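Take a look at the letters that make up each chain.
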Amino acid sequence: MGFLDAILGRSKPVRPDLDQLFALPSAAVTLQAAAGFEPTGLGSVCFASVEGATFSRIQEEARSLLDGSVEFTQDAYGYTWLLVRHPPEDVAGLVNDLHALNTSLEEAGFGPQLLCSLAGFRDERQRSLALVYLYKRGTFYPFSPKEGGGEKRDNPLELQVRAMLGDDLTIEQDLARWFPVWGAPGL
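Residues numbered from 1 in each chain as written. Predicted model: local features only at pLDDT ≥ 70, side-chain atom pairs only at ≥ 80, totals over all residues. Heavy atoms only, no water.

Moving on: the layout of surface pockets. Taken as a whole, the largest pocket holds about 370 Å³ of empty space. What lines the largest pocket is a set of 17 residues, and nearest its centre among them are Tyr79, Leu115, Phe179, Pro180 and Val181. Sorting the residues of the lining of the largest pocket by element identifies strand 3 (79-85) and strand 4 (114-122) as the ones contributing at least two each. For the lining of the largest pocket, the class distribution of residues is 13 nonpolar, no polar and 4 charged. (1 Å grid on protein atoms, 1.4 Å probe; cavity = no way out; pocket = protein on both sides within 12 Å on 5 of 7 lines; lining within 4 Å. Points joined across faces, edges and corners; volume = space filled by probe spheres on them. Helix = DSSP H or I, 4+ residues; strand = E, 2+ residues; numbered from the N terminus. Nonpolar A, V, L, I, M, F, W, Y, C, P; charged D, E, K, R; others polar.)

Printed below as a string of structure tokens:
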């Protein structure tokens, strides 16, 4: 950051650090021990949709990278999700695949379209929880939709998880950036 940037209050944007995804396995152990949340084995990558031949190329590359074990969906907001499945106990394998997908998309020039990645968890009460990695911020936040449908969040649970995982993950401090990911594959 230059002198003029400091005077004008500008800051450089945080560079994405995809290696932070590798902290998810230890966070999964903490979640399991402290709150009873088990990994579901599902994770996904979200990016702003692209059209035509470019989208076909992304699909082809992702499928070849993961031996065809990735599913593509589009949500109601027009974002594309790549869903990856692993056995629930293989959090490290899931993280490796999420990292590989993000890296592949970034190297193909789609870094600006990458939005987030998430890993899903569930407890014995069948509450859903996702640990969401914000690509452009390099931080994580918990997201938990309330049971019973509708678009309501379990804010107390999210804040509890934030407190639990402060030593495992770089948590997003700005709660306004804890965007809901309603209906996200892997949640």
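Another point: the pattern of salt bridges. For the coordinates displayed, the defined rule picks out 6 salt bridges. A salt bridge links Glu71 to Arg85, with the shortest nitrogen-to-oxygen separation between them at 2.8 Å. Placement of Glu71 in strand 2 (residues 70-74) and of Arg85 in strand 3 is noted, with a sequence separation of 14 residues between them. With a relative accessible area of 36%, Glu71 lands in the partly exposed category. A salt bridge links Arg153 to Glu158, with the nearest nitrogen and oxygen atoms 3.1 Å apart. Judged by relative accessible area, which is 1%, Glu158 ranks as buried. (Salt bridge = Lys/Arg side-chain N within 4 Å of Asp/Glu carboxyl O. Buried < 20%, exposed > 50% of the residue type's maximum accessible area, 1.4 Å probe, protein only.)

Even without glycine at this site, Gln126 takes up a positive phi of about 65 degrees. Summarising the element assignment, Gln126 is placed in the loop between strand 4 and strand 5 (128-134). Judged by relative accessible area, Gln126 falls into the partly exposed class, the value being 48%.

We now examine helix 3 (residues 52-65). For helix 3, built from 14 residues, the straight-helix expectation of 20 Å at 1.5 Å per residue is met to within 8% by its first-to-last C-alpha distance of 20 Å. The secondary structure elements touched by the buried residues of helix 3 are strand 1 (38-48), strand 2, strand 3 and helix 4 (91-110). Count one or two residues on from helix 3 and you reach Asp67, which has phi positive near 50 degrees. (Expected span 1.5 Å × (residues − 1). Contact = heavy atoms within 4.5 Å.)

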